[in-house]
Amino acid sequence: AQSVTQLDSQVPVFEEAPVELRCNYSSSVSVYLFWYVQYPNQGLQLLLKYLSGSTLVKGINGFEAEFNKSQTSFHLRKPSVHISDTAEYFCAVSRGSGGGADGLTFGKGTHLIIQP
Amino acid sequence: DAGVIQSPRHEVTEMGQEVTLRCKPISGHDYLFWYRQTMMRGLELLIYFNNNVPIDDSGMPEDRFSAKMPNASFSTLKIQPSEPRDSAVYFCASSSRTGFLSNGYTFGSGTRLTVV
């Protein structure tokens, strides 16, 4: 079975500083990987995804992530954060051979706190 | 499109009462997912449907939980009888098989259930 570990439950960072949110996964099959963002009292929105090809993927709002197969990681980065980036961030992996259409397994989330 | 619509947004009920959560997926999406979000366990997949048929309900915690999808535009998640440990935010998400690879899942805003 697939699993996702987000190593930090909370990450405080100053505005305009860079940030990295860490994600490690385990899977016995090829996977698709995703990062979602959840703003307060809202549902989840897709930030970016890795399906295949280039290991560096770019998403919305200036975020990017790098897939590292040997380290089974998919860390999320942003070079300069803004107050509006304050939210909960979830890493997710496709559950099985269905490539995600059969459900995603989510990590427990990382709360990104931007300090002015 | 109005997105995935969930109702009610908030539900407070007494232990032992029946609770019904509702979801209207995006038109044309043939996959529908029910997730539960708690602080302790994060996001858990409860059940998913494909073309209105339940495919995997292994995440449903116990027999008190049931879900139906009578047509392509409506799904319910029912808890009977409800217990305080069922308190959580319940999300519905929908997707299409091809659209998933481009856009991931579309989540509703969730129903916050409190059982007292």
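Since the structure is predicted, the reported quantities are computational estimates derived from the model, not experimental observations. (Residues numbered from 1 in each chain as written. Chains lettered and ligands numbered in written order. Predicted model: local features only at pLDDT ≥ 70, side-chain atom pairs only at ≥ 80, totals over all residues. Heavy atoms only, no water.)

Novice: Can you explain the environment of Pro61 of chain B? Please cite residues and give values.
Specialist: Residues and elements named next belong to chain B. Tracing the sequence through the fold places Pro61 in the loop between β6 (53–56) and β7 (65–71). Given the relative accessible area of 33%, Pro61 is considered partly exposed. Between the C-alpha atoms of Pro61 and Val115, which are 54 residues apart in sequence, the distance is 16 Å. If near-sequence neighbours (up to four positions away) are discounted, Pro61 is found in contact with Arg36 and Leu46. (Helix = DSSP H or I, 4+ residues; strand = E, 2+ residues; numbered from the N terminus. Buried < 20%, exposed > 50% of the residue type's maximum accessible area, 1.4 Å probe, protein only. Contact = heavy atoms within 4.5 Å.)

Novice: Tell me about the environment of Gly59 of chain A, residues and numbers included.
Specialist: Residues and elements named next belong to chain A. Tracing the backbone shows Gly59 in the loop between β7 (56–58) and β8 (64–68). With relative accessibility at 29%, the residue Gly59 sits in the partly exposed group. Put simply, Gly59 and Lys49 are 10 residues apart on the chain and 7.6 Å apart in space, counted from C-alpha to C-alpha. Beyond its immediate stretch of four places on either side in the chain, Gly59 contacts Leu47 and Leu48.

Novice: Can you break down the packing of aromatic side chains residue by residue, with the values?
Specialist: In the structure shown here, the tally under the stated rule is 16 aromatic pairs over all chains. Seen in terms of ring centroids, Tyr31 of chain B and Phe33 of chain B are 6.3 Å apart; in terms of plane orientation they differ by 10°. Their pairing is stacked. The exposure classification of Tyr31 of chain B matches that of Phe33 of chain B, with both residues buried. Seen in terms of ring centroids, Tyr31 of chain B and Tyr48 of chain B are 6.4 Å apart; in terms of plane orientation they differ by 25°. Their pairing is stacked. On the criterion of sequence distance, the pair formed by Tyr31 of chain B in strand β4 (residues 31–38) and Tyr48 of chain B in strand β5 (residues 42–50) is long-range, its members being 17 residues apart. Comparing Tyr31 of chain B with Tyr48 of chain B shows no difference in burial state: the two are buried. Members of the aromatic cluster, each reached through a chain of ring pairs, are Phe34, Tyr36, Phe90 and Phe106 of chain A together with Tyr31, Phe33, Tyr35, Tyr48, Phe91, Tyr105 and Phe107 of chain B. (Phe/Tyr/Trp six-rings, centres within 6.5 Å; stacked < 30°, edge-to-face > 60°.)

Novice: Account for the layout of surface pockets, naming residues and giving values.
Specialist: To find leftover empty space, one rolls a probe the size of a water molecule over the atoms. Roughly 680 Å³ of volume is contained in the largest pocket. Surrounding the largest pocket, 28 residues form its lining, Gln38, Glu88 and Phe90 of chain A together with Gln37 and Met39 of chain B being those nearest its centre. Breaking the lining of the largest pocket down by element, the ones donating at least two residues are β10 (87–94) of chain A together with β4, β9 (88–95) and β11 (111–115) of chain B. Taken together, the residues of the lining of the largest pocket break down into 8 nonpolar, 16 polar and 4 charged. Estimates place the volume of the second largest pocket at around 330 Å³. Among the elements of the structure, β1 (3–5) and β11 (104–106) of chain A together with β5 of chain B are those that each provide at least two residues to the lining of the second largest pocket. Per-element accounting of the lining of the second largest pocket gives the leading share, 6 residues, to β5 of chain B. Class assignment of the residues belonging to the lining of the second largest pocket gives a composition of 7 nonpolar, 6 polar and 6 charged. (1 Å grid on protein atoms, 1.4 Å probe; cavity = no way out; pocket = protein on both sides within 12 Å on 5 of 7 lines; lining within 4 Å. Points joined across faces, edges and corners; volume = space filled by probe spheres on them. Nonpolar A, V, L, I, M, F, W, Y, C, P; charged D, E, K, R; others polar.)

Novice: Describe the environment of Ala1 of chain A, with residues and values.
Specialist: Along the chain, Ala1 of chain A falls in the segment before β1. Between the C-alpha atom of Ala1 of chain A and that of Gln45 of chain A, which follows or precedes it by 44 residues, the distance is 24 Å.

Novice: Explain the state of the cysteines residue by residue, including any values.
Specialist: Tallied over the full model, the rule gives 2 disulfides over all chains. The disulfide that involves Cys23 of chain A links it to Cys91 of chain A, with 2.0 Å between the sulfurs. In this structure, the disulfide formed by Cys23 of chain A and Cys91 of chain A twists by about -65° around the S-S bond and is classed as left-handed. Placement of Cys23 of chain A in the loop between β3 (19–21) and β4 (24–26) and of Cys91 of chain A in strand β10 is noted, with a sequence separation of 68 residues between them. Each member of the pair Cys23 of chain A and Cys91 of chain A is classed as buried. Across a sulfur-sulfur distance of 1.9 Å, Cys23 of chain B and Cys92 of chain B are joined as a disulfide pair. The chirality of the disulfide connecting Cys23 of chain B with Cys92 of chain B is left-handed, given an S-S dihedral of about -65°. One end of the pair, Cys23 of chain B, is in strand β3 (residues 19–24); the other, Cys92 of chain B, is in strand β9, with 69 residues separating them in the sequence. Take Cys23 of chain B: its relative accessible area is 1%, and that puts it in the buried class. (Disulfide = S-S within 2.5 Å.)

Any functional reading would require information that these geometric values do not contain.
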